[in-house]
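What follows is each chain in one-letter form.
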Amino acid sequence: MCPKRLYTVCLETVVPVADETVNGDRYRAMITNFFIPELNNHDVRELWFQQDGAICHTARATIDLLKDTFGDRLISRFGPVNWPPRSCDLTPLD
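Residues numbered from 1 in each chain as written. Predicted model: local features only at pLDDT ≥ 70, side-chain atom pairs only at ≥ 80, totals over all residues. Heavy atoms only, no water.

Looking at an unreviewed UniProt entry, the protein carries the name Transposase, with the source organism given as Trichonephila clavipes.

Colleague: Describe helix 4 (residues 60-70), listing the residues and the values that go with them.
Modeller: Among all positions in helix 4, only Thr62, Ile63, Leu65, Leu66 and Phe70 are buried. Seen end-on, helix 4 carries its buried residues on one side only, within an arc spanning 160°. Set apart from the buried face of helix 4 by more than 90 degrees, the exposed residues are Arg60 and Asp68. Looking at the buried positions of helix 4, the neighbouring elements they touch are helix 2 (24-39), strand 1 (49-50), helix 3 (55-58) and strand 2 (74-75). The first or second residue beyond helix 4 is Gly71, which carries a positive phi of 60°. (Buried < 20%, exposed > 50% of the residue type's maximum accessible area, 1.4 Å probe, protein only. Helix = DSSP H or I, 4+ residues; strand = E, 2+ residues; numbered from the N terminus. Arc of directions from axis to C-beta. Contact = heavy atoms within 4.5 Å.)

Colleague: Give a detailed account of the packing of aromatic side chains, specifying residues and quantitative values.
Modeller: Inspection of the entire model under this criterion finds three aromatic pairs. For the ring pair Phe35 and Phe70, a centre distance of 6.3 Å and an interplane angle of 35° mean the geometry is tilted. Linking Phe35 in helix 2 with Phe70 in helix 4, this pair joins segments that are 35 residues apart in sequence. By relative accessible area, Phe35 is classed as buried at 11%. Grouped by ring-pair contacts, the aromatic residues Phe35, Phe49 and Phe70 constitute a single cluster. (Phe/Tyr/Trp six-rings, centres within 6.5 Å; stacked < 30°, edge-to-face > 60°.)

Colleague: Which residues make up the environment of Val81, and what are the values?
Modeller: Tracing the backbone shows Val81 in the segment after strand 2. You can call Val81 partly exposed: its relative accessible area is 32%. Here the alpha-carbon distance between Val81 and Gln50, two residues 31 residues apart in the chain, equals 9.2 Å. The contacts of Val81, once residues within four sequence positions are left out, are Trp48, Asp72, Leu74, Ile75 and Ser76.

Colleague: Can you lay out unusual backbone geometry for me, pointing to particular residues and giving the numbers?
Modeller: Here the phi dihedral of Phe78 falls at roughly 70°; this positive angle occurs in a residue that is not glycine. Summarising the element assignment, Phe78 is placed in the segment after strand 2.

Colleague: How would you explain the environment of Phe49 if you had to name every residue and give the values?
Modeller: Structurally, the position occupied by Phe49 is in strand 1. For the pair Phe49 and Ser76, spaced 27 residues apart in sequence, the C-alpha separation works out to 8.3 Å. Those residues in contact with Phe49 that lie beyond four places of it in its chain are Tyr27, Phe35, Leu66, Phe70, Arg73, Leu74 and Ile75.

Structure, rendered in structure tokens:
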């Protein structure tokens, strides 16, 4: 099944973080304050979310937040669809 649309977002480059290291709390704040409100403009029932295995991405609270939003359509280490170990990025974002 091919997706109808593909959205690519890099939260750490589009959301100002005041030259601070992105930790789990800051990453969840970016998702909660910027990303999820933007999703209200789209049909998220068919949207998949993919992230790498960075520690701030894989904190239990972060995974729980993303599961609440995307359900089983989450590709992440410790997510419903596991990010392959020692994997290069699955998309050319970097």
